[in-house]
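So you can see what is in the structure, the chains are spelled out below.
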Amino acid sequence: MSSFIAALLNPDMVFIRYALFAGLISAVPFGITGSFIVVKRIGYVAGAISHAVLAGIGFAMYVNAKYDKEVLSPMLGAFIAAVTAGIIISFVSRYAKEREDTIIGTVWAFGMAIGLLFIHSTPTYIDPMSYLFGNIQLLGSLELKLIIILAVIVVFVVVLFYNQLLLVSYDPEFAALRGLNVYFYQVMLIMLISCTVVLMASSVGIVMVIALLTIPSGIASFFTIKLWHMIIVSSIVCAVSVVSGLAFSYMLAMPSGAVIIVVCGIIYFAAMMLNAIFGIIQKNRAVGKRDQIKP
Amino acid sequence: MTENNIIEIKDLSFAYGNESILSHINCEIKDKELVSIVGPNGGGKTTLVRLMAGLLYPVKGKVYIEGVSTTERHPIVGYVSQNSMIDDKFPVTVQDIVLSGTMKSGFGFYNKNDRKKANSALESVGMSNFVKKRHSDLSGGQRKRVIIARALAGGAKILLLDEPTANLDANSSADLIELIKDLNKTITVVLVTHDYGFVSDITNRVFCINNHLHEHPLKEAEERFAMNLKRVDHTVVLNKCKGCEGKQ
């Protein structure tokens with residue numbers, strides 16, 4: 001652990017500090033949108049958006065290589081692709097009357113294919129593994145600034161519309177009866193997911209970002225009865241996973257994205273077992289009380 | 001609008017695609033009446049109350065609530081659907097659900113007044129002690145009460161209840177009917193049911209619907225219900241009624 005702390009304080013290893021800041025800042029929006037994804041059971045939407053992001057990254061890399069200068073930051077490219085994918089999913093599923101899973105599958109695969117074609121056509125060699133599975137060295141000061149802006153937007157919007165998003169999530173019919181524009185809030189939620197996906201796409205990779213969106217909220221769901229409690233617990237779990245994952249990945253010289261997700265997965269299985277044990281204890285107590293009442 | 005009519009339905013027709021569900025429905029419901037709607041499955045009972053709630057729009061004709069068409073939003077209409085839309089795993093408490101009854105469009109938080117309305121609504125359905133309970137921890141009857149409280153918190157003057165006793169045991173059904181009877185002292189209730197026996201004591205009027213609508217005089221409905229008691233489904237879906245045989 002001391003080597004990780006030393007690396008954090010080392011002025012030459014600024015990328016580790018960036019990765020740590022990015023992880024801590026992203027933990028709150030991940031906790032928020034992740035909780036909505038888990039309770040609404042729309043992990044597949046987040047999966048499609050995160051994979052479609054490769055189209056934007058590939059395009060940015062291609063344009064930058066072609067003009068031999070940074071015309072478009074890969075993260076900004078990822079953001080544009082994520083928002084476009086979100087708009088397509090929301091719009092087509094409502095107006096084209098297509099099956100939702102077909103559209104999601106199409107956006108998922110089409111986005112990745114476009115991204116790979118751009119990467120293939122880029123004159124200089126790019127290792128797609130860095131984008132698929134994460135590389136903390138991809139984070140620069142511009143990326144960090146973009147992460148801060150997106151995180152603030154996500155938190156601000158959710159705080160402002162929390163009650164509306166909550167109602168639309170659990171009872172859209174009643175929300176419509178109260179005069180809420182249900183479609184507007186559903187699109188808003190998908191846009192928030194798009195923003196959040198981009199936040200950690202560089203650190204953990206576009207394939208594994210979906211795990212960071214769902215696992216911490218899944219853990220929180222074992223122990224919470226209110227959505228905002230779930231958001232807080234999920235954000236804490238996310239922050240703990242990112243910090244400890246980064247530390248272990250540095251100490252063991254392993255890929256950061258994979259280690260973060262493994263840490264998260266271990267916490268999930270531990271929480272699941274704890275939850276099962278508490279469940280059995282509570283059940284036994286209830287049976288005991290019932291037996292005492294019996295004449 | 002005729003004075004004292006809180007709901008007016010004028011020459012209403014509705015169809016899903018080419019399939020006609022309701023044809024030329026006309027009826028008026030007075031303030032603080034308790035009206036039952038009975039009919040066979042697929043006869044259009046749920047469609048009619050959803051049209052009254054403004055969740056569906058008529059193909060032809062209009063539904064008026066206090067003289068205003070349901071194409072406008074009506075916060076005075078509370079609708080309790082047959083099946084709860086709330087996912088059992090959703091982390092939402094009784095308080096969250098009832099407070100959402102006071103929701104306004106736009107953004108913002110609940111204020112003191114909203115909380116007061118929610119508490120008073122919970123009290124009126126006898127659920128004040130369950131405020132902090134998770135929705136999934138409640139029984140079927142308690143869930144129905146919470147959904148009714150949500151409608152009351154929003155200031156409902158009309159309560160549209162779609163099969164409120166479905167999936168409830170006899171005791172819970174009887175308790176719920178007592179509650180509806182109490183609520184009917186101050187608000188209008190429209191009750192969709194296939195089990196007329198449960199509501200026969202409290203209902204003011206009975207409409208039978210099967211594409212067309214026909215009003216049964218109460219006495220006739222009771223006699224027909226008694227006749228049909230021996231039937232397996234215990235329904236008042238009757239054989240020789242113009243309304244019940246309406247679908248053509």
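The sections below set out a description of the structure shown in this document. (Residues numbered from 1 in each chain as written. Chains lettered and ligands numbered in written order. Predicted model: local features only at pLDDT ≥ 70, side-chain atom pairs only at ≥ 80, totals over all residues. Heavy atoms only, no water.)

**A closer look at the overall build of chain A**
Stage number 1. Across its full length, chain A holds twelve helices and zero strands.
Stage number 2. The order of helices and strands in chain A, counted from the N terminus, is α-α-α-α-α-α-α-α-α-α-α-α.
Stage number 3. For 295 residues, the compact-globule estimate of 2.2 N^0.38 gives 19 Å, and the C-alpha radius of gyration of chain A, at 21 Å, lies within 12% of that figure.
Stage number 4. Principal axes of the C-alpha set define a box for chain A whose edges measure 85 × 55 × 30 Å.
Stage number 5. Counting all 295 residues of chain A, 53% fall into the buried class.
Stage number 6. Here the analysis covers contacts within chain A between residues at least 6 apart in sequence; of these, 74% occur between residues at least 24 apart.
Stage number 7. Here chain A contributes 16 positive and 11 negative side-chain charges, whose respective centroids are spaced 13 Å apart. (Helix = DSSP H or I, 4+ residues; strand = E, 2+ residues; numbered from the N terminus. Rg over C-alpha atoms; globule rule 2.2 N^0.38 Å. Buried < 20%, exposed > 50% of the residue type's maximum accessible area, 1.4 Å probe, protein only. Contact = heavy atoms within 4.5 Å. Lys, Arg positive; Asp, Glu negative; His and termini not counted. Charge placed at Lys NZ, Arg CZ, Asp CG, Glu CD.)

**Describing the pattern of salt bridges**
Residues and elements named next belong to chain B.
Stage number 1. Under the definition given, this model contains twelve salt bridges over all chains.
Stage number 2. Salt-bridge contacts for Asp11 lead to Lys60; the nearest nitrogen and oxygen are separated by 3.2 Å. In this pair, Asp11 sits in strand E1 (residues 5–16) while Lys60 sits in strand E4 (residues 60–65), placing the two residues 49 residues apart along the sequence.
Stage number 3. Note on Asp11: relative accessible area 28%, which makes it partly exposed.
Stage number 4. The partly exposed category is assigned to Lys60, whose relative accessible area is 41%.
Stage number 5. Linking Arg143 and Asp88 is a salt bridge whose minimum nitrogen-to-oxygen distance equals 2.9 Å. Of this pair, Arg143 sits in helix H4 (residues 140–153) while Asp88 sits in the loop between strand E6 (77–80) and helix H2 (94–99), and the two are 55 residues apart along the sequence.
Stage number 6. Judged by its relative accessible area of 18%, Arg143 is buried.
Stage number 7. Overall, Asp88 belongs to the partly exposed group, its relative accessible area being 38%.
Stage number 8. Taken together, the shared-partner salt bridges connect Glu33, Arg205 and Glu215 into one network. (Salt bridge = Lys/Arg side-chain N within 4 Å of Asp/Glu carboxyl O.)

**Focus: the interface of chain B and chain A**
Stage number 1. At the junction of the two partners, chain B supplies 34 residues and chain A supplies 24 residues.
Stage number 2. Between chain B and chain A lies a buried interface of about 2800 Å² when both sides are counted; carbon and sulfur atoms form 57% of it.
Stage number 3. It is Phe90, Pro91 and Met103 of chain B that lose the most area in chain B upon contact with chain A, and together they represent 23% of the buried surface on that side.
Stage number 4. Inspection of the chain B/chain A interface yields four salt bridges.
Stage number 5. Here Arg41 of chain A and Asp87 of chain B are joined by a salt bridge, their closest N and O atoms 2.8 Å apart.
Stage number 6. Where chain B packs against chain A, one counts ten residue pairs in polar contact (both at pLDDT 80 or more).
Stage number 7. When contributions to the side of chain B that touches chain A are tallied by element, the ones reaching two or more residues are helix H1 (45–53), E6 and H2 of chain B. (Buried area = accessible area lost by both parts, 1.4 Å probe. Polar contact = N/O pair within 3.5 Å; in protein donor to acceptor, adjacent residues only side chain to side chain.)

**Describing helix H4 (residues 74–95) of chain A**
Stage number 1. With 22 residues, H4 of chain A should reach 32 Å at 1.5 Å per residue; the first-to-last C-alpha distance of 31 Å fits that figure.
Stage number 2. Along its buried surface, H4 of chain A packs onto helix H3 (43–67), helix H5 (100–121), helix H6 (128–133), helix H7 (141–170) and helix H9 (182–204) of chain A. (Expected span 1.5 Å × (residues − 1).)

**Let's talk about the packing of helix H1 (residues 2–9) of chain A against helix H2 (residues 14–40) of chain A**
Residue and element names in this part refer to chain A.
Stage number 1. Remark: H1 packs on H2, axes separated minimally by 7 Å, with the N-to-C direction vectors making an angle of 100°. Here H1 lies roughly perpendicular to H2, going by the angle between them. Listed contacts from H2 to Phe4, Ala7, Leu8 and Leu9 of H1 are Ile16, Arg17 and Leu20.
Stage number 2. Considering only residue class, the contact of H1 with H2 consists of six nonpolar, no polar and one charged. (Axes fitted to C-alpha atoms, helices over the stretch in contact; angles between N-to-C directions. Parallel < 35°, antiparallel > 145°, perpendicular 65-115°, else oblique. Nonpolar A, V, L, I, M, F, W, Y, C, P; charged D, E, K, R; others polar.)

**Some points on a nonpolar patch on the surface**
Residue and element names in this part refer to chain A.
Stage number 1. Residues Met1, Ile5, Leu9, Phe248, Tyr250, Met251, Leu252 and Met254 make up a contiguous nonpolar surface patch of about 790 Å² in total accessible area.
Stage number 2. Counting residues per element, the ones that place at least two in the nonpolar patch are H1 and helix H11 (227–252).
Stage number 3. No other element matches the four residues that H11 contributes to the nonpolar patch.
Stage number 4. You can call Ile5 partly exposed: its relative accessible area is 44%. (Patch = residues over 30% accessible without salt bridge, like charges linked within 9 Å, V, L, I, M, F, W, Y side chains within 5 Å. Areas by Shrake-Rupley, 256 points an atom, 1.4 Å probe, with all protein chains shown as cover.)

**Quick word on the sheet that holds strand E2 (residues 19–30) of chain B**
All names here are of chain B.
Stage number 1. Strand order in the open sheet made by the four strands is E2-E1-E4-E5, with antiparallel pairing throughout. Taken across any chain shown, the strands that pair with only one partner, and hence form the sheet edges, are E2 and strand E5 (68–69).
Stage number 2. As defined by bridge partners, E1 adjoins E4 across five bridges and the pair is classed as antiparallel. Bridge pairing links Ile7 to Ile65 in E4.
Stage number 3. Along the sheet face, H1 touches E1, E2 and E4 and points at about 120° away from the line of E1. (Pairing = 2+ DSSP bridges.)

**Describing the packing of H3 of chain A against helix H10 (residues 209–223) of chain A**
How two helices pack is summed up by the angle between their axes together with the distance between the axes.
Residues and elements named next belong to chain A.
Stage number 1. Relative orientation of the contacting elements H3 and H10 amounts to 155°, with a least axis distance of 9 Å. Relative to H10, the element H3 is oriented roughly antiparallel. When you trace H3 past H10, the crossing you get is right-handed. In this structure, H3 contributes Gly43, Ala46, Gly47 and Ser50 to the contact, and H10 contributes Val209, Ile210 and Leu213.
Stage number 2. Across the contact of H3 with H10, the residue classes break down as four nonpolar, three polar and no charged. (Left-handed = near helix turned anticlockwise from the far one by under 90°.)

**Quick word on the packing of aromatic side chains**
Residues and elements named next belong to chain A.
Stage number 1. Applying the stated criterion across every chain, the model contains twelve aromatic pairs over all chains.
Stage number 2. Measuring from centroid to centroid gives 6.1 Å for Phe222 and Phe223, while their planes differ by 75°, and the two rings are edge-to-face.
Stage number 3. Judged by its relative accessible area of 23%, Phe222 falls in the partly exposed class.
Stage number 4. Members of the aromatic cluster, joined through ring pairs, are Phe222, Phe223, Tyr268 and Phe269.
Stage number 5. Across from the ring centre of Tyr183, 4.1 Å away, lies the NZ or CZ of Arg94, which sits over that ring. (Phe/Tyr/Trp six-rings, centres within 6.5 Å; stacked < 30°, edge-to-face > 60°. Lys NZ or Arg CZ within 6 Å of the ring centre and 35° of its normal.)

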